[in-house]
Amino acid sequence: MLNTKTITDLKEGYSKGDFTPADVVKTLDKSIEEKDGEINAFISRDTEQALEAASKADTSLPLGGVPIAIKDNINVIGEPCTCASQFLKGAYKAPYNATIINKLLAAGAIPFGRANLDEFAMGSSTENSSFHKTKNPHDLSRIPGGSSGGSAACVGGDLAIAALGSDTGGSIRQPASHCGVVGFKPSYGRVSRYGLVAFASSLDQIGPLTKSVTDAALLTNVLAGHDPMDSTSLKIETPDFTQGINDGVAGKKIGVPKEYMDGDLHPAVKEAVQSAIKALEKEGAEIVEVSLPHTKYCVPTYYILAPAEASSNLSRFDGVRYGNRSTDVTDVLSMYENSREEGFGSEVKRRILLGTYVLSSGYYDAYYIKAQKVRTLIMQDFTKVFQVVDAIIAPVSPDPARKIGENDGDPLKEYLADIFTIAANLAGIPAISVPCGTASVDGKELPIGLQVLGPYLEDQTVFQVARAWEALYQD
Amino acid sequence: MSDNLDISHVARLARLKLSEEEAAEFTPQLQTIISHIDSLSELDVSGVEPSAHSSPVFAIPRLDEPGVSLSQESLEQIAPAFTQEQVRVPRVVES
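Residues numbered from 1 in each chain as written. Chains lettered and ligands numbered in written order. Predicted model: local features only at pLDDT ≥ 70, side-chain atom pairs only at ≥ 80, totals over all residues. Heavy atoms only, no water.

Visitor: So what exactly am I meant to see when it comes to the overall build of chain B here?
Guide: Within chain B, the secondary structure is distributed over three helices and two strands. By the compact-globule yardstick of 12 Å for 95 residues, chain B is too spread out, its C-alpha radius of gyration being 22 Å. Viewed in the frame of its principal axes, chain B has a C-alpha envelope of about 55 × 45 × 25 Å. Here chain B holds 95 residues, and 31% of them are scored as buried. About 6,800 Å² of surface is accessible on chain B, with carbon and sulfur atoms providing 50% of the total. Within chain B, one finds 6 positive and 16 negative side-chain charges whose respective centroids are separated by 14 Å. (Helix = DSSP H or I, 4+ residues; strand = E, 2+ residues; numbered from the N terminus. Rg over C-alpha atoms; globule rule 2.2 N^0.38 Å. Buried < 20%, exposed > 50% of the residue type's maximum accessible area, 1.4 Å probe, protein only. Areas by Shrake-Rupley, 256 points an atom, 1.4 Å probe, with all protein chains shown as cover. Lys, Arg positive; Asp, Glu negative; His and termini not counted. Charge placed at Lys NZ, Arg CZ, Asp CG, Glu CD.)

What follows is the structure in structure tokens.
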């Protein structure tokens, strides 16, 4: 079945002439027709356009003829970019390409399908999409995770070969973990954010969701690189991320943070991570217990900084230049207030309110500046640990995918589950989620992810350790 | 500090016209979240520099070279109201 293949498989199949890009697009389209009525991973897709691109695909290019699903908060010229929000539904078609879309096209890839997400990427379940709730392909009564839940579910459900997501506090890694796929957040500044609808600019990174670690590295090769349109994009050389990926972990020092493993973990998650640790040790890695003492402050720090940045970024959605403009308008102020009230869902409003509160007069120093200082302490925790170890391994999420609706009305409970993924965004370091077992819950096997974190700009080390584990796991 | 949350004031600052039901739903939720983030107050951060970013990246201006920008036509297509090559908005200045 072509829809189950990896990017690496497709490249090989194309070069041998076993099948064509059009065959792959047609097979994916068929599996979407058959299964997406239940999974609801996609918001939209243009099969005709994808088939036309497939017919012209140059398969000699790095991603030639490879269909990639795109999270619906990334601008693709002429296509809707809804951010799963009523604010942008129907009213907006992108007037330009995100830089990474231009890079994908130049590498021969075929953007195919717009993946569902929590509205404006705010959430960890994809329940906050204003279109529909995406289901976990391994158990349709459960969430796929979020915010890149559509991207993870389409790859995990074999409705896509690979997908792009964005990760602000775990939004690639956590859904990858819940859906049994690989999800990678590059070092901050590696990948251009130009054309990604901004949520929290100092934390957002675009990254791949794939069926293998090597595929994630192949996609990152194309995505990474300096972009003059993004002032936070790094002016540094992009290495070949696949280089050394199969070199194993012998001689590598790998840290296991005690604050993560001593926390409130589901027994199956703890067991899966511990067996990965043992297996890597057997392969010659030196396992070291390390401490990240400010771990318990990650969630409060993130839920000050991210909403603060979001409240500022989302002020652009005012009904003036694009998106929803209320018809109930008497003056400029009512245009702003009514357009935003009609266009935003509950979670987006909650975060805008929280962000506005922590930035408001009298609270700015106590919350926003304080959180920025704690961010420094969290970054220093990692700097100290990475003086001793090459990489860190940890869980991705404390629990396997929860039931849809389980955290309704309790946003704090939902936020607290982000504990293990947030730190990488605050510190800007690269991190990946790679499948590492399942939990048997209610007769279903729910995927569990292993997280590998590396020092800033040491993305290659992260791929190498993740690939070493993947090779052991597949055996 | 969560007792001081005046949601109508914050909503006004955020340019959100909340319904009464939303205000009633959000207030206790935000108070719970604010109580949680208040835990940062137990940390002594004297002498610690704030980090706005994880890496030392600051606004780096591009070279001031003319280039192709978005066309007016492409912006007209997405604007809610567009007249005489301009985005139209309700009257801003009182006559």
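Here the narrative resumes.
Visitor: I tried to follow the overall build of chain A on my own but got confused; where do I start?
Guide: Helices and strands together make up the secondary structure of chain A, namely 16 helices and 11 strands. With respect to the three principal axes, the spread of C-alpha positions in chain A is 70 × 55 × 50 Å. In chain A, the share of contacts with a sequence separation of at least 24, taken over all contacts with a separation of at least 6, comes to 76%. When the accessible area of chain A is evaluated, it comes to approximately 15,600 Å², of which 47% is carbon and sulfur surface. Here chain A holds 45 positive side-chain charges and 59 negative ones, and the gap between their average locations is 2 Å. (Contact = heavy atoms within 4.5 Å.)

Visitor: Got a minute to help me understand the packing of aromatic side chains in this structure?
Guide: Each aromatic ring pair is described using two quantities: the centre-to-centre distance and the angle formed by the ring planes. Inspection of every chain in the model, using the stated rule, returns 20 aromatic pairs over all chains. Aromatic rings pair up to connect F87(A), Y92(A), F120(A), F317(A), Y322(A) and F344(A) into one cluster. (Phe/Tyr/Trp six-rings, centres within 6.5 Å; stacked < 30°, edge-to-face > 60°.)

Visitor: Hey, could you run me through the interface of chain B and chain A in this one?
Guide: Interfaces are often sized by the amount of accessible area the parts lose when they come together. With 56 residues of chain B in contact, the opposing surface of chain A contributes 70 residues. Carbon and sulfur atoms make up 70% of the surface buried where chain B meets chain A, a total of about 5,300 Å² over both sides. For the pair chain B and chain A, the interface holds three salt bridges. The shortest N-O distance in the salt bridge between E25(B) and R350(A) comes to 3.7 Å. Counting across the interface, chain B meets chain A through 15 residue pairs in polar contact (both at pLDDT 80 or more). Looking at the side of chain B that touches chain A, the elements with two or more residues in it are α1 (7-13), α2 (20-37) and α3 (72-78) of chain B. It is α2(B) that provides the largest number of residues to the side of chain B that touches chain A, a total of 10 residues. (Buried area = accessible area lost by both parts, 1.4 Å probe. Salt bridge = Lys/Arg side-chain N within 4 Å of Asp/Glu carboxyl O. Polar contact = N/O pair within 3.5 Å; in protein donor to acceptor, adjacent residues only side chain to side chain.)

Visitor: How do you make sense of the nonpolar core when you look at a structure like this?
Guide: Soluble, globular proteins show a tendency: their nonpolar side chains are buried together. Membership of the largest hydrophobic core comes to 174 residues, with the highest contact counts inside it found for L104(A), F120(A), L164(A) and F382(A). Apart from the residues lying within four places of it in its own chain, the contact partners of F120(A) are C83(A), S85(A), L88(A), V197(A), F199(A), L314(A), F317(A), F344(A) and V348(A). (Core = buried A, V, L, I, M, F, W, Y, C linked by side-chain atoms within 4.5 Å.)

Visitor: How should the sheet that holds strand β6 (residues 205-210) of chain A be read in this particular structure?
Guide: What holds strands together in a sheet is hydrogen bonding between their backbones, with the strands either parallel or antiparallel. Residue and element names in this part refer to chain A. Reading across the sheet, the 11 strands line up as β1-β3-β2-β4-β6-β5-β10-β11-β9-β7-β8 and stay open at both edges, with mixed pairing between neighbours. Of all the strands in the sheet, just β1 (42-44) and β8 (286-290) have a single pairing partner and so form its edges. Taking each pair of neighbouring strands and ignoring which way they run, the sheet shows an average axis angle of 35°. Judged from the three bridges that link them, strand β5 (residues 182-185) and strand β10 (residues 431-441) form a sheet pairing that is antiparallel. (Pairing = 2+ DSSP bridges. Axes fitted to C-alpha atoms, helices over the stretch in contact; angles between N-to-C directions.)

Visitor: What is the right way to look at the pattern of salt bridges in this model?
Guide: If charged atoms from side chains of opposite charge come close, those side chains can pair. Residues and elements named next belong to chain A. Counted according to the given criterion, the structure contains 24 salt bridges over all chains. A salt bridge links E127 to R402, with the nearest nitrogen and oxygen atoms 2.5 Å apart. Note that E127 is positioned in the loop between β3 (110-115) and α5 (149-156) and R402 in the loop between β9 (391-395) and α14 (411-416), a separation of 275 residues in sequence. As far as the burial class goes, E127 and R402 line up, both buried. Salt-bridge contacts for R402 lead to E414; the nearest nitrogen and oxygen are separated by 3.0 Å. Remark: E414 occurs in helix α14 and R402 occurs in the loop between β9 and α14; sequence separation between them is 12 residues. On the basis of relative accessibility, which here comes to 13%, the residue E414 falls in the buried class.

Visitor: Help me understand helix α9 (residues 267-282) of chain A, please; the structure alone is not making it clear to me.
Guide: Owing to its 3.6 residues per turn, the α-helix aligns residues three or four sequence positions apart on the same side. An ideal rise of 1.5 Å per residue puts 22 Å on 16 residues; α9(A) measures up with 22 Å between its terminal C-alpha atoms. Three or more residues of α9(A) are buried, namely A268(A), V269(A), A272(A), V273(A), A276(A), I277(A) and L280(A). (Expected span 1.5 Å × (residues − 1).)

Visitor: In this structure, what is going on with a nonpolar patch on the surface? I would like to understand it.
Guide: All names here are of chain B. Taken together, the side chains of V87, V89, V92 and V93 present a nonpolar region at the surface, about 330 Å² in accessible area. Looking at where V93 falls in the secondary structure, it is placed in the segment after β2 (86-87). Taking relative accessible area as the criterion, V93 reaches 62% and is therefore assigned exposed. (Patch = residues over 30% accessible without salt bridge, like charges linked within 9 Å, V, L, I, M, F, W, Y side chains within 5 Å.)

Visitor: It is not clear to me how helix α11 (residues 332-343) of chain A should be interpreted in this structure. Could you clarify?
Guide: The terminal C-alpha atoms of α11(A) lie 16 Å apart, and with 12 residues this matches the ideal 16 Å at 1.5 Å per residue to within 8%. Most of α11(A) is tucked away: nine of the 12 residues are buried. When we look at burial in α11(A), the residues that qualify are V332(A), S334(A), M335(A), E337(A), N338(A), S339(A), R340(A), E341(A) and G343(A). Where α11(A) is buried, its residues touch α12 (346-359) of chain A together with α1 and α2 of chain B.

Visitor: What is the right way to read the environment of D72(A) from this model?
Guide: Residues and elements named next belong to chain A. Topologically, D72 is positioned in the loop between β2 (67-71) and α4 (99-106). Given the relative accessible area of 0%, D72 is considered buried. As for D72 and G150, which are separated by 78 residues in sequence, their C-alpha atoms are 9.0 Å apart. Ignoring any residue separated from it by four or fewer positions in sequence, one finds D72 in contact with I43, P80, C81, T82, C83, R114, A115 and L117. Separated by 2.6 Å, the side chains of D72 and T82 make a polar contact.

Visitor: Hey, could you run me through the packing of α4(A) against helix α7 (residues 213-223) of chain A in this one?
Guide: Pairs of packed helices are described in terms of their axes, by the angle between the two and the distance that separates them. All names here are of chain A. At a minimum axis separation of 8 Å, α4 and α7 run at an interaxial angle of 110°. Put simply, α4 runs roughly perpendicular to α7. Between α4 and α7, the contacting residues are I100, K103 and L104 on the first element and L219, V222 and L223 on the second. Taken together, the residues of the contact of α4 with α7 sort by class into five nonpolar, no polar and one charged. (Parallel < 35°, antiparallel > 145°, perpendicular 65-115°, else oblique. Nonpolar A, V, L, I, M, F, W, Y, C, P; charged D, E, K, R; others polar.)

Structural measurements only, silent on function.
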